[in-house]
Amino acid sequence: MKLLIIEDEEGLRESIEEYFAEAGNICETAATYSAALTKVELYRYDCILLDITLPGGNGISILKKLKENNFTDGVLIISAKNSLDDRLQGLDLGADDYLVKPFHLSELKARVSAIIRRKMYNGSNLLVFNEISIDLQAKTVSVHDTPLKFTRKEFALLIYFIANKGKVVSKNAIAEHLWGDGIDLADNFDFIYSHIKNIRKKLVEAGANDYIQAAYGMGYKFSGQ
Amino acid sequence: MKLLTLYNRVNIITTVVVMVITGIIYYQAISWILNDQNDKALKVEEDEVFDYVKLNHQLPQVFESKDQQITFSEAKPNSITREFINTDYRRDKNEYESGRGLISSITVNGKYYKILIVESKVETEDLIQIIFGITIGVILLLMLVLLIANRLILNRLWQPFYSILREIKLFNITDSREIPQTTTRITEFVELNQAAAAMTTKAKYDYKELKTFTENASHELLTPIAVINSKLDTLIQSENFNDRQSKLLNDLYSAVARLSRLNQSLLLLVKIENRLLTDQQNINLRLLIEEMVLQLEDIFSDKQITVTVELEDKEVLASRYLIEILLSNLVINAVRHNHANGNIIIKLTAHNFFIKNTGDSKPLPDDKIFTRFHKSSNSDGSGLGLTISKQICENFDFSLSYQYQAHYHTFIVTF
């Protein structure tokens, strides 16, 4: 997939670029409003990560420009402004999603994957990973065409893992993804472990490979192989 | 004590005292003048007696006159001193009035006589009484007039003061209402009005500055937090960490997560206080709470907390975003301050939302729990949850209160 990362903060831009850099992905970056505008006018992307506050202009104007030209690039706004107005304005203007800083890279990846999935496989709600196929609409999982019973959280977690395949996803990121704000209650993440144990068990019993590995006590990795 | 009461009290006491003193002086003066008049009349009579004796060498005949009696009596030579006395005046046989007398002496044909001339003072006293009566009447009238005048004048005069006071009482640092100009010509009140207006404007300005500062500071913090977060996410992609390094990374993750939540809470608080979140919609609280309880299931069971839910249908018109925050803050609070095998009871009625939880067996200081950064020593929350909840409630004219009853800490939202 082809991405454009419009973000003025160098540290963040580099991290995102590195996280998304993998075989088959092309990541371009822009640090200023004018640089972003030039790229957006010249090239098409599968997804544009758009920061709102940029040196030289407002990210919302870039979004407007895209829509004026009927470009169909997916747009994910990443903003420090957790203001409902911004969020609504952004989504009204045709952004596909809105993510507030600070965020986990795995969360960003999951959101971008969802946007691209919607764009690329127009109409199809089927996410296939090797022997596992997931119907996003019906929220069902099947392995080798055998349907499995997944809970809501297990389902969400599986999709999250597949979006971040090959990456170590921290327990914190998983917890925030599944429980949102409530998660700072958790003294330990044991209950994440029980969800993951269940997913592994269900997949393996249905004949799938054991893709999920614990990564040094910090998180889990859904290996791509 | 009201100003008018105090003013009246001082005023009336002063008036009465001054009037009484004036009355006494007045009385004395009139008595003295009238006495003097009496004495003059007595002296005229005495002179007449002397003239008569000089001319006729005998005592005059004594006639009964209306208000004057003269008596002559023989006395030892030179035993009489001339003097004026207060004595009785005999009107009839047994009827005495107060009178004024002059004792004098005369020698007629070698005989020494004492002369006693007595005059009735009844008319004089009547006069004094009338004058005294009029004076008292005037005092009373004056007092009455003063009372009424004070009431009218003070009430009217102090009207601007009361209206300024009312404005100051209504003053709220968070709303945009200014203290209006009061129409008065009285310099003091104009100054008071200006001072109050200036003070409130300054307070509002400072408050706004403080809020802007908080907002900006929190905003500026967001980017570095985002960078740290992303760098940590990147760091854990590299291979081969030992246990100690993993532990350090986990601690870092938790600290950053806490920092970012704290930061978001501050930003949220500023936004609520500024009333920037104004979207309103009908929200079915029952559905919202059910969803939330389902969402947090794992956390309840992880902490071995039993949750009892008893919900009636209730809709409110409010911002969905804020109501979600309110409810989740209260639920999180109930979990955080609970103990293992504890209980949470959530109840929703048409008028109230109750959330009760077991926890420390002593009530919380209810004057402090809603202040910023107040938290129990063993809490790892931000200390802003209840402050935010309270603010949200105020935003929608709900009230949030706390009770401790029979081992349960209860927070009540009243719609």
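Worth saying up front: this structure is predicted, and the values here are computed from it rather than measured.

**Student:** Which residues make up the interface of chain A and chain B, and what values do they have?
**Tutor:** By a widely used convention, the size of an interface equals the accessible area lost when the partners come together. Residue-level contacts link 32 residues of chain A with 39 residues of chain B. Elements that contribute at least two residues to the side of chain A that touches chain B include exactly helix 1 (10-20), helix 5 (105-120), strand 12 (168-170), helix 7 (171-179) and helix 8 (190-205) of chain A. Considering every element that reaches the side of chain A that touches chain B, the biggest residue donor is helix 1 of chain A, with 6 residues. Residue composition of the side of chain A that touches chain B, grouped by class: 14 nonpolar, 11 polar and 7 charged.

**Student:** Tell me about helix 1 of chain A, residues and numbers included.
**Tutor:** Among all positions of helix 1 of chain A, only A:L12, A:R13, A:S15, A:I16 and A:Y19 are buried. Viewed end-on, helix 1 of chain A has its buried residues packed into an arc of 165 degrees, placing them on one side of the element. On its buried face, helix 1 of chain A is in contact with strand 1 (2-6), strand 2 (26-30), strand 3 (47-51) and helix 5 of chain A together with helix 4 (187-235) of chain B.

**Student:** Give me the lowdown on the sheet that holds strand 4 (residues 111-120) of chain B, citing residues and values where you can.
**Tutor:** All names here are of chain B. Spatially, 4 strands are ordered 1-4-3-2 in an open sheet, and the strand pairing comes out antiparallel. The open sheet has two edge strands with one neighbour each: strand 1 (68-74) and strand 2 (83-90). Strand-to-strand twist of the sheet, defined as the mean angle between neighbouring strand axes without regard to direction, takes the value 30 degrees. By the bridge criterion, 10 bridges tie strand 3 (residues 96-108) to strand 4 in an arrangement that is antiparallel.

**Student:** Before we move on, can you summarise the packing of helix 1 (residues 3-56) of chain B against helix 2 (residues 122-157) of chain B with the specific residues and values?
**Tutor:** Residue and element names in this part refer to chain B. Two elements in contact, helix 1 and helix 2, have axes whose closest approach is 10 Å; the angle formed by their N-to-C orientations is 165 degrees. Relative to helix 2, the element helix 1 lies roughly antiparallel. Seen along the crossing, helix 1 lies across helix 2 with a hand that is right-handed. Taken together, the residues of the contact of helix 1 with helix 2 sort by class into 19 nonpolar, 9 polar and 1 charged.

**Student:** Any details on helix 8 of chain A? Residues and values, ideally.
**Tutor:** Residues and elements named next belong to chain A. Between the first and last C-alpha of helix 8 there are 22 Å, a value that for 16 residues agrees with the 22 Å anticipated at 1.5 Å per step. Listed in full, the buried residues belonging to helix 8 are I192, I196, I199 and L203. In an axial view of helix 8, the angular spread of the buried residues amounts to 60 degrees, which keeps them on one side of the axis. Of the exposed residues in helix 8, the ones pointing more than 90 degrees away from its buried face are D190, K197, K201 and E205.

**Student:** Would you mind going over the environment of B:S79 in detail, with residue names and values included?
**Tutor:** Structurally, the position occupied by B:S79 is in the loop between strand 1 and strand 2. Put simply, B:S79 and B:Y113 are 34 residues apart on the chain and 9.8 Å apart in space, counted from C-alpha to C-alpha.

**Student:** Help me get a handle on the environment of A:A80, residues and values and all.
**Tutor:** Mapped onto the elements of the fold, A:A80 is located in the loop between strand 6 (74-79) and helix 4 (84-92). By the C-beta count within 10 Å, which is 22 here, A:A80 ends up buried. When the C-alpha positions of A:A80 and A:I52 are compared, they lie 7.9 Å apart, and in sequence the two are 28 residues distant. Apart from residues no more than four positions distant in its own chain, A:A80 is found in contact with A:T53, A:K101, B:H219, B:L222 and B:T223.

**Student:** Explain the sheet that holds strand 14 (residues 219-222) of chain A to me, using residue names and the numbers behind them.
**Tutor:** Residue and element names in this part refer to chain A. Ordered by their spatial adjacency, 3 strands build an open sheet running 12-14-13, and the pairing between neighbours is antiparallel. Edge strands, defined here as strands with exactly one partner in the open sheet, are strand 12 and strand 13 (212-215). The sheet shows a mean angle of 35 degrees between the axes of neighbouring strands, direction not considered. Relative to strand 14, strand 12 is paired through 3 bridges, and the arrangement is antiparallel.

The rules behind these values
- Residues numbered from 1 in each chain as written.
- Chains lettered and ligands numbered in written order.
- Predicted model: local features only at pLDDT ≥ 70, side-chain atom pairs only at ≥ 80, totals over all residues.
- Contact = placed C-beta atoms within 7 Å.
- Helix = DSSP H or I, 4+ residues; strand = E, 2+ residues; numbered from the N terminus.
- Nonpolar A, V, L, I, M, F, W, Y, C, P; charged D, E, K, R; others polar.
- Buried ≥ 20, exposed ≤ 12 C-beta atoms within 10 Å, placed from the backbone.
- Arc of directions from axis to C-beta.
- Pairing = 2+ DSSP bridges.
- Axes fitted to C-alpha atoms, helices over the stretch in contact; angles between N-to-C directions.
- Parallel < 35°, antiparallel > 145°, perpendicular 65-115°, else oblique.
- Left-handed = near helix turned anticlockwise from the far one by under 90°.
- Expected span 1.5 Å × (residues − 1).

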